[in-house]
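One-letter residues, chain by chain:
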Amino acid sequence: KILVIGACGQIGVELTLALRKMYGDANVVASDLREEHDLLKGTGPYVSLDVMNKEMLHVLVIRHNITQIYLLAAILSATGEKNPLLAWHINMQSLLNVLDIAKEENLDKIYWPSSIAVFGPNSPAKETPQHTIIEPTTIYGISKFAGERWCEYYNHRFGVDVRSLRYPGLISYKSAPGGGTTDYAVEIFHEAKENQKYTSFLSENTYLPMMYMPDAIRATIELMEADAAKISIRSAYNLSAMSFSPKEIGAEIKKHIPSFELSYEPDYRQQIADGWPDSMDDTLARKDWGWKPEYDLEKMTADMLQNI
Ligand code: VAH
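Residues numbered from 1 in each chain as written. Predicted model: local features only at pLDDT ≥ 70, side-chain atom pairs only at ≥ 80, totals over all residues. Heavy atoms only, no water.

This is how it is decided: UniProt positions are given in the numbering used here, feature names are shortened, and annotations may be inferred rather than shown by experiment.
Under the annotation held in an unreviewed UniProt entry, the protein carries the name NAD-dependent epimerase/dehydratase family protein and is attributed to Chitinophaga silvatica. Per UniProt, the comment on the protein under Sequence similarities (unreviewed entry) is "Belongs to the NAD(P)-dependent epimerase/dehydratase family."

Structure follows, in structure tokens:
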């Protein structure tokens, strides 16, 4: 059975629904600190869980016969900068709790997301390689980089089959983003639809790697379904679909809403974005387990505006 931790978050809601479709509703236990997300209600078992309580997590794993865990609970980049020590504590202890229980209970597989946020201003910004200088400048990025090291350690030291992806900024309409620097790319759609205008907190030419949620969910499941022998990266795979700037996504939205007006008021998140890659090299994900994105900016924009 699968346990999804952080099932009410931006990724968690859609991942839980996709896993239930694949493996059967009763075989995917959704959990979160918060109360059940409306889209999850009636679709399968839901439990309240604080992943920081290792004993509680351990009891839940045994009681529900859990064999796989997807750990999506985390404090994201922008929120993390407001309380660095709390973000470090939550992002690291939650992962260590899951990895150690996976080892103790010999769980089949673990999924834990990393992020482009592990890269910093000294990493090559264009087509950032899988292996390169990694000097994260946000506490979120530091926790994701440290987490990657722990995943690789538990894999080669204890044989835990933990897998991970360095997600780009993720865009979706089913559940709200959780306090990230890339959240402008979600807000812009809602504001365009409701008010025909949006003020971006990132400057017009801030290029960032981005991905539509359906691609991110499919990548996650394809990685987890891949034969373990094909997995050559046990830290976290670079994963890529597209890159765009606020100016470019604004122009794409304008094709659908001609009256849309975009303005810019960069805030503290600009500095975070400036340290991140413009684009990622995901050759290894494509070679090892056949990764291929399906959504580009044009296709995503049409789908987002249709569904919001
Ligand atoms: C954030 N959406 O902005 C997350 C993600 C690449 C960005 O890690 O923090």
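**Let's talk about the pairing of strand E1 (residues 2–5)**
For the record, the criterion: Burial status follows relative accessibility: with a 1.4 Å probe on protein chains alone, a residue under 20% of its type maximum counts as buried, one over 50% as exposed, and anything between as partly exposed. Secondary structure elements are defined from DSSP: runs of H or I of at least 4 residues count as helices, runs of E of at least 2 residues count as strands, and each element is numbered from the N terminus. For two strands to be treated as a pair, DSSP must find at least two bridges joining them. Looking down the strands as they point away from the viewer, one classifies a crossover as right-handed if the path from the first strand across the helix to the second runs clockwise.
Burial of the side chains of E1 extends over both faces: Ile-2 and Val-4 are buried on one face and Leu-3 and Ile-5 on the other. Both E1 and strand E2 (residues 28–32) contribute to a ladder of 4 bridges, which runs parallel. Its bridge partner being in E2, Ile-5 is matched across the sheet by Ser-31. A crossover links E1 with its parallel partner E2, the connecting element being helix H1 (residues 10–23), and its sense is right-handed. Here E1 pairs with strand E4 (residues 68–71) via 4 bridges, running parallel. Paired with Ile-5 across the strands is Leu-71, a residue of E4.

**Considerations on the UniProt feature "domain: NAD-dependent epimerase/dehydratase" (unreviewed entry) in the protein**
What UniProt calls "domain: NAD-dependent epimerase/dehydratase" (unreviewed entry) maps, in this numbering, to residues 2–229. Between the end C-alpha atoms of residues 2–229 the distance is 22 Å, and the span holds 41% helix and 17% strand.

**Examining helix H6 (residues 184–195)**
Residues of H6 that are buried include every one of Tyr-184, Ala-185, Val-186, Ile-188, Phe-189 and Ala-192, and no others. Looking at the residues trailing H6, positive phi occurs at Gln-196, about 55°.

**Section: helix H5 (residues 139–158)**
Side chains of residues three or four places apart in an α-helix project in the same direction, reflecting 3.6 residues per turn. The test is simple: The span expected for a helix works out to 1.5 Å for each residue beyond the first. Contacts are residue-level and defined by heavy atoms, with any inter-residue pair within 4.5 Å sufficient.
With 20 residues, H5 should reach 28 Å at 1.5 Å per residue; the first-to-last C-alpha distance of 27 Å fits that figure. Taken residue by residue, H5 has Ile-139, Tyr-140, Gly-141, Ser-143, Lys-144, Ala-146, Gly-147, Glu-148, Cys-151, Tyr-154 and Asn-155 as its buried positions. Of the surrounding secondary structure, the elements contacted by the buried residues of H5 are helix H3 (77–80), helix H4 (84–104), strand E6 (114–115), strand E7 (162–163) and strand E8 (165–167).

**Overview of the packing of aromatic side chains**
How we decide: Any two rings among Phe, Tyr and Trp, with Trp reduced to its six-membered ring, count as a pair given centres within 6.5 Å; such a pair is stacked if its planes are under 30 degrees apart, edge-to-face if over 60, and tilted if neither. We call a charge positioned over a ring when the NZ of a Lys or the CZ of an Arg lies within 6 Å of the ring centre and within 35 degrees of the ring normal.
Using the criterion set out here, one finds 11 aromatic pairs in the structure. Ring geometry for Tyr-111 against Tyr-167: centres 6.3 Å apart, planes inclined by 55°, an arrangement best described as tilted. Taken together, the positions of Tyr-111 in strand E5 (residues 109–111) and Tyr-167 in strand E8 put the pair 56 residues apart, joining distant regions of the chain. Accessibility assignment for this pair places Tyr-111 and Tyr-167 in one class, buried. Relative to Phe-158, the ring of Tyr-154 has its centre 5.0 Å away and its plane inclined at 55°; by these criteria the two rings are tilted. One end of the pair is Tyr-154 and the other is Phe-158, both in helix H5 and 4 residues apart, which spans about a single turn. With a relative accessible area of 8%, Tyr-154 lands in the buried category. One Lys or Arg, Arg-269, reaches over the ring of Phe-201 and ends 3.4 Å from the middle of that ring.

**A look at the site of the ligand**
Condition: Any residue with a heavy atom positioned within 4 Å of a molecule or strand is treated as near that molecule or strand. Polar contact is defined as a pair of N or O atoms within 3.5 Å, subject to the rule that within protein one atom must be able to donate a hydrogen and the other to accept it, and that residues adjacent in sequence are counted only when both atoms are side-chain atoms. Each accessible area is a Shrake-Rupley result for a 1.4 Å probe, and residues are judged covered by the shown protein chains and nothing else.
Taken together, Leu-76, Ser-77, Ser-115, Ile-116, Tyr-140, Tyr-167, Pro-168, Gly-169, Gly-180, Thr-181, Thr-182 and Trp-276 make up the full set of residues adjacent to the ligand. Contact between the ligand and Ser-77: an oxygen atom at 2.6 Å from a side-chain N or O atom of the residue. Backbone polar atom of Thr-181 to an oxygen atom of the ligand: 2.7 Å apart, as the coordinates give it. In isolation the ligand has 270 Å² of accessible area, and contact with the protein removes 95% of it.

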